Amino acid sequence: MSCQKFCVAFLHWEFIYVITAFNLAYPITPWKFKLSCMPRNTTYDFLLPAGISKNTSNLSGHYEALVETKLNSSGTYLSNLSSRTTFHCCFWSEEDKNCSVHADNIEGKAFVSTVNSLVFQQIGANWNIQCWMKEDLKLFICYMESLFKSPFKNYDLKVHLLYLLLEVLEESPLLPQKSSFQIVQCNCSVHECCECHVPVPTVKINYTLLMYLKITSGGVIFHSPPMSVQPINVVKPDPPLGLCMKITDTGNLKISWSSPALVPFQLQYQVKYSENSTKNMRKADETVSATSLLVDSVLPGSSYEVQVRSKRLDGPGIWSDWSTPLTFTTQDVIYFPPKILTTVGSNVSFHCIYKNENKIVSSKKIVWWMNLAEKIPQSQYDVVGDHVSKVTFPNLNATKPRGKFTYDAVYCCNEHECHHRYAELYVIDVNINISCETDGYLTKMTCRWSPSAIQSLVGSTLQLRYQRSSLYCSDVPSIHPISEPKDCHLQRDGFYECLFQPIFLLSGYTMWIRINHSLGSLDSPPTCVIPDSVVKPLPPSSVKAEITVKIGLLKISWEKPVFPENNLQFQIRYGLSGKKVQWKVFEVYDAKLKSASFPVPDLCAVYAVQVRCKRLDGLGYWSNWSTPAYTIVTDIKVPIRGPEFWRIINEDNTKKERNVTLLWKPLMKNDSLCSVRRYVVKHHTSRNGTWSEDVGNHTKFTFLWTEQAHSVTVLAVNSIGASSANFNLTFSWPMSKVNIVQSLSAYPLNSSCVILSWMLSPSDYNLMYFILEWKILHEDNEIKWLRIPSSVKKYYVHDHFIPIEKYQFSLYPIFMEGVGKPKIIDSFTQDDEKHQHDAGLYVIVPIIISSSILLLGTLLISHQRMKKLFWEDVPNPKNCSWAQGLNFQKKMPDTKEPLGGCLFSQ
């Protein structure tokens with residue numbers, strides 16, 4: 001508060017001694033009161049207002065102070081005054097005009113001073129005083145001002161306030177000793193004002209503050225009567241803050257403000273405002289308990305000025321100062337509400353009052369436009385009053401941003417023109433999906449949601465709110481009036497993530513996203529989550545993978561996680577190990593199982609295997625995949641078969657011996673299952689019986705053929721055992737002379753393929769297969785060979801053939817009894833045209849067929865084009881008068897075609 005003037009009207013005095021006696025303390029009131037000091041038996045009309053007794057001797061003895069003065073012989077004074085002059089001081093106010101002093105039984109001593117008593121007796125001393133407690137409840141203030149300015153010399157003015165805080169004011173008329181009072185010096189300015197500050201602890205604002213004033217100027221001392229007050233009863237709030245005015249959605253003027261935050265009690269407010277418009281002028285003064293006031297009948301182009309002050313609602317108190325005046329002027333077009341924020345699918349309405357050239361337009365003449373591009377149908381208008389028009393938008397769609405504009409502009413227009421002001425419509429899609437996941441330890445729940453649907457709403461803030469029920473979710477989730485906010489953090493992927501910890505597994509967490517904006521708040525549809533129903537288990541542990549021995553199945557075993565305790569289903573994914581695994585999935589629905597076996601196509605490959613789990617009832621999420629486990633390639637079974645093999649025979653004519661060298665290719669993994677440790681050659685002859693020879697990992701073995709028949713078998717052996725199915729080859733002298741291959745021809749197709757064909761003669765022997773071998777003629781390079789089924793009579797050999805080289809081809813018939821006589825040719829067949837035709841037939845015939853089809857299509861198209869070319873000018877007889885009598889269906893000589901056709905019409 002501004003400094004209040006305090007001036008002491010005083011005489012030119014020196015050393016007046018004052019003796020003051022106290023009876024009862026004066027109760028300080030919430031309003032101003034006065035302190036007056038006058039000589040005994042003296043009254044002055046100009047000092048006391050009407051209604052106060054002018055004879056001080058007739059006043060009662062309440063609230064008095066005695067002032068005694070004694071004149072010094074050194075001073076100058078009038079002879080009609082005695083050497084001792086007694087002054088009495090009392091408190092009074094406009095509400096209580098009983099100013100009283102008591103001259104009897106005054107105790108105390110006289111203090112001598114020199115004073116111009118004549119002037120002092122004429123003027124006296126009078127002050128206005130007001131005391132209050134500041135809003136912060138920490139400082140008690142008293143200010144004093146003179147009733148009139150002093151016409152005399154201004155001596156140094158000093159004011160002290162002596163105070164004492166008492167928990168209970170005793171009923172005894174005797175006051176505490178003077179030594180028990182604390183003293184503060186008041187701040188006095190040259191502007192004749194004094195302000196005294198008394199610190200009051202907050203915990204003692206209900207105590208009684210007992211005090212009195214000690215005023216000194218030029219050696220004159222005045223003691224006021226004692227005063228008492230409870231600080232809580234004279235609290236003076238600060239002026240209200242945040243005063244503002246706006247047009248409400250209903251077209252009223254809303255005056256609002258903020259209440260002081262420190263006061264410990266409710267406040268009442270006094271609002272004074274004035275209105276100035278073209279139609280009327282009015283002033284009003286209203287008292288309310290709320291922090292807002294509605295003013296109706298607001299018109300365009302009106303000006304309002306408002307001030308507010310506050311005071312304690314229940315109990316005594318002091319009005320605060322008035323707030324700073326605020327002026328508000330309404331526009332020529334009033335929209336209420338001026339802006340609307342709503343959700344997709346809702347219905348909203350705008351109201352409008354239109355003023356044009358100091359005249360308010362009739363509501364029936366108002367039309368509405370959207371973005372000045374689309375006129376709103378009149379079926380959506382409503383006439384609310386003579387001057388208020390209303391438009392309603394049903395079932396709204398989301399606003400589509402147009403450049404920097406994220407709203408639709410709604411214009412209220414006269415029939416012939418539109419004002420540049422408009423209302424803003426924001427329609428937001430608040431369907432935000434909230435997904436939650438409980439961790440495998442059942443200790444926390446993480447919820448995620450994306451703000452992408454409402455990113456166009458500039459200035460909005462998002463907040464997840466939730467309410468937890470004691471058990472489960474309701475059938476239809478709803479937004480609860482009492483909810484809690486949850487801190488969420490933006491992740492790199494654009495989603496917000498919120499953590500609930502600890503959690504109650506069976507409680508229902510109803511949650512929604514609240515969109516806070518200056519235009520209001522919107523809530524997304526609520527969703528309810530039970531943590532126990534959204535568990536993402538830990539992945540299965542101790543995952544192992546192997547190919548079972550002898551059975552040959554891929555077996556996976558695992559341990560289920562400890563939590564949750566529900567029955568679980570499992571998923572196994574497996575694939576050949578590599579950079580990019582082509583996964584296949586195997587399902588396990590038996591919650592009791594901890595392993596699963598199933599066949600795989602390649603038993604000798606390394607498989608990568610992972611396992612994950614989920615509740616068997618379908619609730620919750622799949623766990624992460626476990627750490628991959630890998631199979632180890634080991635021998636699963638005995639080899640499926642032994643290797644295919646052939647022989648090279650070297651004859652020694654001198655010794656009449658034949659050395660046979662067996663050749664074979666290493667077994668592949670799919671045949672060896674999955675490795676070969678060694679090969680064993682098994683012999684059988686009629687003389688020596690059966691015996692075996694271990695050749696290790698070699699793929700070549702030579703032995704001596706001495707008997708008429710010698711059978712050999714090559715076995716593959718791994719860690720499990722020897723191959724069960726094997727190829728046998730019998731070398732027999734008689735069978736080597738059996739010739740059933742009549743002819744053999746070789747036709748080169750290109751440098752990588754040769755066609756061989758042969759013809760057989762009938763035989764009584766059991767033919768098993770053929771062995772075809774080839775090599776470059778007259779060179780000792782490696783012989784190449786392959787096995788051909790017995791039913792084949794033509795075979796394509798794929799190899800790298802050098803055109804300038806000559807090749808030898810040999811075809812051996814293999815009988816059960818032994819190897820027959822081969823058919824050998826030393827060059828490609830070139831002079832047999834028939835066989836050449838057979839060899840090239842497979843290439844030539846498809847070419848001939850394709851060419852024939854292409855030629856036939858060309859002829860058909862050419863025929864149609866020739867018809868159009870020659871009959872282009874033949875008219876439609878229905879449209880040409882000269883052709884009306886002609887018969888265009890008459891056929892031409894030597895042809896089946898008609899004379900003309902309707903090739904065109906006009």
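Everything numeric in this text was worked out from a predicted model, so none of it was measured.

Q: A description of the overall build of the protein chain should follow, citing residues and the corresponding values.
A: Secondary structure assignment for the protein chain yields 3 helices and 64 strands. Residues counted as buried form 43% of the 906 residues belonging to the protein chain. Approximately 49400 Å² of the protein chain is accessible, and the part contributed by carbon and sulfur atoms is 51%.

Q: Residue-level account of the sheet that holds strand β58 (residues 741–750), with values.
A: Overall, antiparallel pairing links the 3 strands, which are arranged β58-β59-β62 in an open sheet. The sheet is open, and its two edges are formed by β58 and β62 (794–798), each paired on a single side. On average, adjacent strands in this sheet sit at an angle of 20 degrees to one another, irrespective of strand direction. Pairing of β58 with strand β59 (residues 753–760), which is carried by 8 bridges, proceeds in the antiparallel orientation. In the strand pairing of β59, Val741 is matched with Leu760.

Q: Could you give an account of the sheet that holds strand β40 (residues 496–500), with specific residues and numbers?
A: Taken together, the 4 strands give an open sheet; going across it, the order is β35-β36-β40-β39, and neighbouring strands pair in antiparallel fashion. The open sheet terminates on both sides in strands that have one partner only, identified here as β35 (434–438) and β39 (488–490). This sheet shows a mean twist of 25 degrees between the axes of neighbouring strands, independent of strand direction.

Q: Kindly report on the packing of aromatic side chains, identifying the contributing residues and their values.
A: Under the defined criterion, the tally for this structure stands at 29 aromatic pairs. Ring plane angle 65 degrees and centroid distance 4.9 Å describe the contact between Trp646 and Tyr812, whose orientation is recorded as edge-to-face. Taken together, the residues Trp646 in strand β51 (residues 645–652) and Tyr812 in strand β63 (residues 807–815) connect sequence positions 166 residues apart. Since its relative accessible area comes to 1%, Trp646 is described here as buried. Here the aromatic cluster, defined as three or more aromatic residues joined through ring pairs, consists of Phe405, Tyr407, Tyr411, Tyr422 and Tyr426. The ring of Trp785 has Lys665 sitting right over it, with the charged end atom 5.8 Å from the ring centre.

Q: Got a sec to walk through the state of the cysteines? Specific residues and values, please.
A: For the coordinates displayed, the defined rule picks out 9 disulfides. In this model, Cys352 is linked to Cys412 through a disulfide, with the two sulfur atoms separated by 1.9 Å. Because the torsion about its S-S bond is -75 degrees, the bridge between Cys352 and Cys412 counts as left-handed. Separated by 60 residues along the polypeptide, Cys352 in strand β27 (residues 348–356) and Cys412 in strand β33 (residues 408–413) bring together distant segments of the chain. Grouping residues by exposure puts Cys352 and Cys412 together as buried. In this model, Cys488 is linked to Cys498 through a disulfide, with the two sulfur atoms separated by 1.9 Å. Measuring the twist about the S-S bond at about 100 degrees, one finds the Cys488-Cys498 disulfide to be right-handed.

Q: Please set out the nonpolar core residue by residue, giving values where relevant.
A: Generally speaking, a soluble globular protein has its nonpolar side chains buried in company with each other. Membership of the largest hydrophobic core comes to 65 residues, with the highest contact counts inside it found for Ile129, Phe140, Leu161, Met211, Leu213 and Trp257. Setting aside residues up to four positions removed in sequence, Met211 forms contacts with Ile28, Cys131, Phe140, Cys142, Leu161, Leu162, Tyr163, Phe181, Pro225, Pro226, Met227 and Val229. Counting 26 residues, the second-largest nonpolar core is a separate cluster that includes Ile428, Val430, Met445 and Ile513.

Q: Talk me through empty space enclosed by the protein; I want residue IDs and the actual numbers.
A: Where empty space is left in the structure can be found by rolling a water-sized probe over the atoms. Overall, the coordinates contain 2 cavities of 30 Å³ or more when judged by the stated rule. As for the largest cavity, its lining consists of Glu644, Phe645, Phe727, Asn728, Leu729, Tyr769, Ile771 and Arg787. Mapped onto the lining of the largest cavity, the elements with two or more residues apiece are β57 (728–732) and β60 (767–776). Here the residues of the lining of the largest cavity are counted per class, giving 5 nonpolar, 1 polar and 2 charged.

Q: If you had to explain the pattern of salt bridges to someone new, which residues and values would you point to?
A: Evaluation of the coordinates by the stated rule reveals 13 salt bridges. The closest approach of N and O atoms between Glu424 and Lys339, which form a salt bridge, is 3.8 Å. Remark: Lys339 occurs in strand β26 (residues 339–343) and Glu424 occurs in strand β34 (residues 423–428); sequence separation between them is 85 residues. The partner of Arg641 in a salt bridge is Asp671, and the shortest N-O contact between them spans 3.2 Å.

Q: So what's going on with the pairing of strand β23 (residues 303–312)? Which residues, and what values?
A: In terms of burial, β23 is a largely internal element, 7 of the 10 residues being buried. Here 10 bridges tie strand β20 (residues 267–276) to β23, and the two strands are oriented antiparallel to one another. Residue pairing for β23: Ser274 is matched across the bridge by Glu305. Relative to strand β24 (residues 326–329), β23 runs antiparallel, the two being bridged by 4 bridges. Paired with Tyr304 across the two strands is Phe328, which belongs to β24.

Q: Please give an account of a nonpolar patch on the surface that cites residues and values.
A: Nonpolar side chains collect at one region of the surface, where Leu471, Tyr472 and Leu506 lie side by side and expose about 280 Å² of accessible area between them. One can find Tyr472 in the loop between β37 (461–468) and β38 (484–486). Here Tyr472 falls in the partly exposed class, since its relative accessible area comes to 41%.

About the cut-offs
- Here, residues in each chain are numbered from 1, in the same order as that chain's written sequence.
- Two thresholds apply to this predicted model, a pLDDT of at least 70 for residue-level local features and 80 or more for giving and counting side-chain atom pairs, whereas whole-chain, interface and lining totals are computed over all residues.
- By convention in this description, side-chain values take in all heavy atoms of the structure and omit both hydrogens and water.
- In this text, helices come from DSSP runs of H or I with a minimum length of four residues, and strands from runs of E with a minimum of two, each type numbered from the N-terminal end.
- The buried label goes to any residue with under 20% of its type's maximum accessible area, the exposed label to any with over 50%, and the partly exposed label to all in between, with areas taken from a 1.4 Å probe on protein chains only.
- All accessible areas in this document rest on Shrake-Rupley with a 1.4 Å probe, and a residue is counted as covered only by the protein chains that are shown.
- When DSSP finds at least two bridges between two strands, those strands are taken to pair.
- Interaxial angles span 0 to 180 degrees and are taken between N-to-C directions of axes, which are lines fitted to C-alpha atoms, for helices over the stretch in contact.
- Stacked, tilted and edge-to-face are the three classes assigned to paired rings of Phe, Tyr and Trp, where Trp is represented by its six-membered ring and a pair needs centres within 6.5 Å; plane angles under 30 degrees give stacked, over 60 edge-to-face, the rest tilted.
- By definition, being over a ring means that NZ of Lys or CZ of Arg is both within 6 Å of the ring centre and within 35 degrees of the ring normal.
- Criterion for a disulfide: a pair of cysteine sulfur atoms within 2.5 Å.
- The set of buried Ala, Val, Leu, Ile, Met, Phe, Trp, Tyr and Cys residues whose side-chain atoms join them within 4.5 Å is what this entry labels a nonpolar core.
- For this analysis, residues touch if any pair of their heavy atoms sits within 4.5 Å.
- We place a 1 Å grid over just the protein atoms. Points where a 1.4 Å probe fits but has no way out form a cavity, open points with protein on both sides within 12 Å along at least 5 of 7 lines form a pocket, and any residue with an atom within 4 Å of a point lines it.
- Grid points are joined across faces, edges and corners, and a volume is the space filled by probe spheres set on the points.
- For this scheme, ten residues count as nonpolar: Ala, Val, Leu, Ile, Met, Phe, Trp, Tyr, Cys and Pro. Four count as charged, namely Asp, Glu, Lys and Arg, and the remainder, Gly too, count as polar.
- When a carboxyl oxygen of Asp or Glu is within 4 Å of a side-chain nitrogen of Lys or Arg, the pair counts as a salt bridge.
- Patch building starts from residues that exceed 30% relative accessible area and form no salt bridge, then joins like charges within 9 Å and nonpolar side chains (Val, Leu, Ile, Met, Phe, Trp, Tyr) within 5 Å.

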